[in-house]
Protein chains: 2
Amino acid sequence: MNLNQLLKPNKICIVGASERTGFGGDTCRNILTYMDPSRVFFVNPKRDTVFGIKAYPDMASIPGSFDLVVICTPAHTVEGLLREAAAKGAHGAVVYASGYKEIGTPEGLAAQQSLVRLCNELDIALMGPNCAGFVNYIDRVYPFAFLSEERDRRGSIGFVSQSGQLCLSLMDSPDIRFSYSISSGNCAVTEMEDYISFLVDDEDTKVVAVYLEGVRNPTKLADALRRAALKRKPIVILKAGRSEKGGRLAASHTGSLAGADRIFDALFAKFGVIRVNDLEELRYTAQLFSVLPKLPACPTFASMNLSGGETGICADVGELCGIVYPDFAPETLQKLRDLLPGYASPANPLDMTATLSYDTEGYAAALRAVMGDPNVGMVVAGYTLLQKIADPAIEYMAAAMEIVSRDPDCKPMAMLPFVGNTRNAEYSAKLEACGVAMLPPPCYGLRILRYLADFVAYDPSQYDLSLAIPDRPHTGKRYALNEHAGKQFVATFGIPVPQEDIACSSEQAVDIAERVGYPVVMKIDSPDILHKSDCGCVQLDLKHPEAVAKAYDRILQNAQTHHPDAQIGGVLVQHMVPWGTEMILGVSSDPSFGPAVLVGLGGVFVEIFKDTALALAPLSREEARQMIDRLKGSVLLKGYRGNAPLDTEALIDALLSVSQLATEHKDALLELDLNPLFVYEKGVCSADAVVVTDAPLS
Amino acid sequence: MNLNQLLKPNKICIVGASERTGFGGDTCRNILTYMDPSRVFFVNPKRDTVFGIKAYPDMASIPGSFDLVVICTPAHTVEGLLREAAAKGAHGAVVYASGYKEIGTPEGLAAQQSLVRLCNELDIALMGPNCAGFVNYIDRVYPFAFLSEERDRRGSIGFVSQSGQLCLSLMDSPDIRFSYSISSGNCAVTEMEDYISFLVDDEDTKVVAVYLEGVRNPTKLADALRRAALKRKPIVILKAGRSEKGGRLAASHTGSLAGADRIFDALFAKFGVIRVNDLEELRYTAQLFSVLPKLPACPTFASMNLSGGETGICADVGELCGIVYPDFAPETLQKLRDLLPGYASPANPLDMTATLSYDTEGYAAALRAVMGDPNVGMVVAGYTLLQKIADPAIEYMAAAMEIVSRDPDCKPMAMLPFVGNTRNAEYSAKLEACGVAMLPPPCYGLRILRYLADFVAYDPSQYDLSLAIPDRPHTGKRYALNEHAGKQFVATFGIPVPQEDIACSSEQAVDIAERVGYPVVMKIDSPDILHKSDCGCVQLDLKHPEAVAKAYDRILQNAQTHHPDAQIGGVLVQHMVPWGTEMILGVSSDPSFGPAVLVGLGGVFVEIFKDTALALAPLSREEARQMIDRLKGSVLLKGYRGNAPLDTEALIDALLSVSQLATEHKDALLELDLNPLFVYEKGVCSADAVVVTDAPLS
């Protein structure tokens, strides 16, 4: 779908143009104060003019063609109007009307399906229905249903929102500037993935900001995220549904599938997408990327403040947010000692005391001293810029920042206030113009810098940026391999499993035991007996042929006594592998994004502390390594309490094997569980394997 | 120390009164725009008048007496001026000058010590030195060194700050209103504890807000916190030093002892003090308590929003912050269904859709429906009140809130915006006047509501509000009891330990074994042999007299072979207790606040997950229970994986015994470690006890 006629139209037609309050009137007001009138046609059969501009009785009467129709009239009029518009060459449409899928009735759903069919037939990229429209600030197009106080906000943030209200709130925020601002509505035709894709490719958009409730086309989304990752264009997403209640809401609100929230975290981690918690974070994170002339070369910060109290807050909240303040190099410390009064004790975060705040040259020299430090990626000046300036310090500081910003090797700068305020517009604009990003107070501001740090630290070459998105939906059926077959299956992908085989007689059992090596474990092979130990159908630590033969008979007898109707495949005879550090490796398949690979340590680690890491297949070796490093329990692998380190490379091999298996069987595989997989000083071994598919494995 | 002449003076004298920019001039400007001039005397030997007011050449020339002297002149003039002021009856002084302890030189320290001596001699309550002064908004006293844009801010927040800069930032924040605002400076004479104590007792102060770097008088602080807890007056503290870097800074900045940060968490938890992360949280938490006409009866919230996107943010961020949104009762749901359009699906958080936002009666009815729900403690209306009103919805909503606020059973209300803005002053004032608290955006706003919820849930009767503050400083020496003596010592406080005794011959060893019961463990008793197992000085699981006799000889022989010079007390013969769930109980003594009791599960719980709970002695039974409940690992005690539940009551008894022991020995005890203490289905047993004191135990 080509979005150019929708989002970058040359001429547009407003149907339902009006002077009254409401969609039609407010759209006309927006357009007339913002757009070149020669690019706009109004249609209203009841009026000759609207706000002094000629109104046509219908689209057919308009001379020549147009690209986009904006329909301000109710739902029942929409389809006829789309046909009229198509006849005039339009391939874009904005539909404000509600009454479609969002009302949750069969009629609403049918209306939406009919609309989709029609747009496909007419090749129309339709925004909505049930949307507020969009603004293209680059080409000055303003088909938007609500009035804003301040319309002229051309900038470089491309914003798309599945909520009209949040779209409006962001558009009315002070100081924020956009390339595009899009209220997507129901996404019946043009989907969130289409808008994101457009903004990723758009040259006027420096950062893509998204409010997302759900995804309909995972492949298209993944393609857009991949392109963004490779060209290092930041995408900032507020994704609803982190909580259980929020997830239910997001699913019901636009009728799109919210999906398991952890899967989105995994998706975003793979592609370096920044996930934020609320609209305020979305706003300031996007603004940070849009204002900074370049990104920090390394994800570390110097914090410079005018008082000890402020410096302490930067230290404490910085640690909460995971901000790295590197120690200053000795030369930096010496330069600062020369600049600051004797009682100051230079460190990072830095309490400059108030002395330099009334001294442009001195403040500039301190900025340069800190920027010259090789460990520092970015400078954060702590200062509460109030709306009404009471203290003249900002005059000197702003002048210093402006001077330093012209240095060819100037590092990125931001200003962090300690209480929230609409900032003094004059200084705010002046500072942003020389590339200084304005942040909100510390708990927001330093978390936003952490997002920046994560983005800077992300390296797309460390990730496998393909996804194993299933080609077909799940069948709804479940097939489980038996234990032996499961282990044989995972073994074909290179995952070590115990030597074992199924015996159908006590002689066979002894033969297998001799072959796999003593001691052995024996257990009944039956899909009908679940708690095998409880009924004497598991025998451990058998060390010689007589014990094996006797165990064979005992197991069969116990099975027949306790489960007379059970189907018996034989008795599994397995070399008893030594105990190692217990890990869990697993796969669960997400219907949208395919198999997700999970790793964790067994026992209390997973059960009590939920200490697991999840990533979408396929994994690169580096991704697998990062998953393991993310586990708090990974210290157990690295030589815990004087023990020798365990074989992390073999564990990574096993994770990659799981990833490969899951990728190859992305359509059929529902679940895989290797639990426990033992990790040794040398090698690993999976003591069990549960494999569940939705179709028999070929 | 009586702070009334300092903080509530009738007449005040400004020394160094001036018309120039600087302390003297700005103080005069502040005072002349705010205070009744008949209460003020100016002193300046070089001028006849200052801003048209008579200036006296010295204090002696002033007719009559005054209560407070405000010294705007440099450090070297201060002591002489204090003597002059004392001669005029002043018992309060504000000293702005720096050059004291904060500059870190011996001269600075000596100057401060001399100042303290003089104030004690003259009975003067001195604020500072190195402070910015204070404002008493109740009695209109404004001896403050910096200009503010808006001075008339009488309200009910009593604020004291150890940082002048943070004091100023908070005073310049929009909308906040104070009873007192105090920049304490170096706290050489009047200490933070004195100010906090004053504000706790002050009838005009509804909530106490504090920026705290360190504590000098723990007993006085604890007394003030206890009084506040018992009268349920909220104290909100921004305490520097949560991070290691922040802790070092706070200690260096005002030269006060920052103390172990976790001890402050424990202190605040005991007294129900709210600890916030930054100045923005301090501001809005204090403002919330000052605006709400009453506190919620229960710590639960109803969230009402105009769109699905906003509702999702409230759900997601609410969960991150630990906000409880109870499900609405069936009657509430029915009332909401009657009020909202058919496609709305009422739930908490509630997406009201935009329909009622232009309908005062409808919005009021929805508010009342939600307030009528017995599970709801407080209502949070999500709405972004912009500085420039673009949408008239707020008119209807504010009117509805005002109407509902007059209901006798109205529950507390707050308004939560989704982007940060200086809010429209008119509506903001209107809403606050009818008791609706204005919050910052969700990541701040919902965490602040969580602080409120915690305050509401806190019940002082569940805590032992005394503290075991040491009567003397630690001696700096360390005495460790041997294992047997340690266990005997803790046993006298009722903590179960294994039956054991020390044998000095193999016959004695056998006697003891017979008495304590087989199997036994034997180990060398020597302060000089640390790793007893490594040299064969521990023998386990000895089951009969011959084994015990042989083990005795072997242990002694191994000790003599490997440690020929070691002092040997004999061989400890101990009944080998069965293995149980391993806990760690410990005490470490804080020099300021006394013994802190720690509990955690052993092994990876404490080592990897730092899953421990800490509380200051003495503990109430409920405090001990809460400590255990706070542990993630406490699920292991409650019947994990089908096991029988363990004896939590016996564990609580052990914690209370530890608390009692620590309280009785608060002066001498440095450390206590019961590791492991085994917990069984019935009872507990401490398998070891390390007791370290700074003086021999009597």
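The present account deals with the structure reproduced in this document. (Residues numbered from 1 in each chain as written. Chains lettered and ligands numbered in written order. Predicted model: local features only at pLDDT ≥ 70, side-chain atom pairs only at ≥ 80, totals over all residues. Heavy atoms only, no water.)

The next point concerns the overall build of chain A. The helix and strand inventory of chain A stands at 22 helices and 29 strands. With the C-alpha coordinates aligned to their principal axes, the bounding extent of chain A is approximately 100 × 80 × 35 Å. Taking the intrachain contacts of chain A between residues at least 6 apart in sequence as the baseline, contacts between residues at least 24 apart amount to 71%. Summed over its atoms, the accessible surface of chain A is roughly 25900 Å², and 52% of this surface lies on carbon and sulfur atoms. A distance of 4 Å separates the average location of the 63 positive side-chain charges in chain A from that of its 84 negative side-chain charges. (Helix = DSSP H or I, 4+ residues; strand = E, 2+ residues; numbered from the N terminus. Contact = heavy atoms within 4.5 Å. Areas by Shrake-Rupley, 256 points an atom, 1.4 Å probe, with all protein chains shown as cover. Lys, Arg positive; Asp, Glu negative; His and termini not counted. Charge placed at Lys NZ, Arg CZ, Asp CG, Glu CD.)

Moving on: the interface of chain A and chain B. Often the size quoted for an interface is simply the accessible area lost on bringing the parts together. Taken together, the 79 residues of chain A in the interface contact 79 residues of chain B. Roughly 5900 Å² is buried in total at the junction of chain A and chain B, and carbon and sulfur atoms are behind 61% of that figure. Remark: the boundary between chain A and chain B carries two salt bridges. Here D327 of chain A ties to K245 of chain B by a salt bridge, and the two come within 3.5 Å at their closest N and O atoms. Our count for the contact surface shared by chain A and chain B stands at 28 residue pairs in polar contact (both at pLDDT 80 or more). Sorting the residues of the side of chain A that touches chain B by element identifies α5 (164-171), β12 (235-239), α8 (244-253), α10 (279-291), α11 (308-321), α16 (442-457) and α20 (604-607) of chain A as the ones contributing at least two each. Examining the composition of the side of chain A that touches chain B, we find that 11 residues originate from one element, α11 of chain A, more than from any other. Considering only residue class, the side of chain A that touches chain B consists of 34 nonpolar, 22 polar and 23 charged. (Buried area = accessible area lost by both parts, 1.4 Å probe. Salt bridge = Lys/Arg side-chain N within 4 Å of Asp/Glu carboxyl O. Polar contact = N/O pair within 3.5 Å; in protein donor to acceptor, adjacent residues only side chain to side chain. Nonpolar A, V, L, I, M, F, W, Y, C, P; charged D, E, K, R; others polar.)

On to the side chain of Q112 of chain A, then. Checked against the element boundaries, Q112 of chain A lands in helix α4 (residues 106-122). With a relative accessible area of 7%, Q112 of chain A lands in the buried category. (Buried < 20%, exposed > 50% of the residue type's maximum accessible area, 1.4 Å probe, protein only.)

The next point concerns the packing of helix α18 (residues 506-516) of chain A against helix α19 (residues 545-562) of chain A. All names here are of chain A. Relative to each other, α18 and α19 sit at 135°, their axes nearing to 9 Å. Comparing the axis directions of α18 and α19 gives the class oblique. In the packing of α18 onto α19, the handedness of the crossing is right-handed. Contact with α18, carried on its side by S506, A509, V510, A513 and E514, involves P545, V548, A549, Y552 and D553 of α19 and no other residues of that element. For the contact of α18 with α19, the class distribution of residues is seven nonpolar, one polar and two charged. (Axes fitted to C-alpha atoms, helices over the stretch in contact; angles between N-to-C directions. Parallel < 35°, antiparallel > 145°, perpendicular 65-115°, else oblique. Left-handed = near helix turned anticlockwise from the far one by under 90°.)

All names here are of chain A. By the definition in use, this model includes 68 salt bridges over all chains. Between R447 and E281 there is a salt bridge, and its shortest N-O distance comes to 2.8 Å. Taken as a pair, R447 in helix α16 and E281 in helix α10 lie far apart in primary sequence, 166 residues in all. Looking at R447, the relative accessible area reads 23%, which means it is partly exposed. It is possible to trace a salt-bridge network through shared partners that takes in R621, E622, R625, E649 and D653.

What follows covers the pairing of strand β29 (residues 690-693) of chain A. In the sheet, strand β19 (residues 479-480) of chain A pairs with β29 of chain A via two bridges, with the strands oriented antiparallel. Looking across to β29 of chain A, one finds that A480 of chain A is bridged to V692 of chain A. (Pairing = 2+ DSSP bridges.)

The next thing to look at is the sheet that holds strand β17 (residues 413-416) of chain B. All names here are of chain B. Pairing within the open sheet is parallel, and its five strands lie in the order β15-β14-β16-β17-β18. Either end of the sheet is taken by a strand with one partner, and the two such strands are β15 (350-351) and β18 (436-438). Looking at chain direction, strand β14 (residues 301-305) and strand β16 (residues 378-382) are connected through four bridges and run parallel. In the strand pairing of β16, S303 is matched with V380. The strands that helix α15 (residues 425-433) touches are β17 and β18; relative to β18, the one it contacts most, it runs at about 135°.

Looking now at the environment of I138 of chain B. Residues and elements named next belong to chain B. If you trace the backbone, I138 turns up in the loop between β8 (133-136) and β9 (154-161). You can call I138 buried: its relative accessible area is 13%. Linking I138 and G155, residues 17 residues apart in sequence, is a C-alpha distance of 8.0 Å.

All names here are of chain B. For the pair helix α3 (residues 75-87) and helix α4 (residues 106-122), interaxial distance at closest approach is 11 Å and the crossing angle is 5°. One finds that α3 runs roughly parallel with respect to α4. Here V78, E79, L82, R83 and A86 of α3 lie close against α4, whose contacting residues are A111, S114, L115, L118, C119, E121 and L122. By residue class, the composition of the contact of α3 with α4 is eight nonpolar, one polar and three charged.

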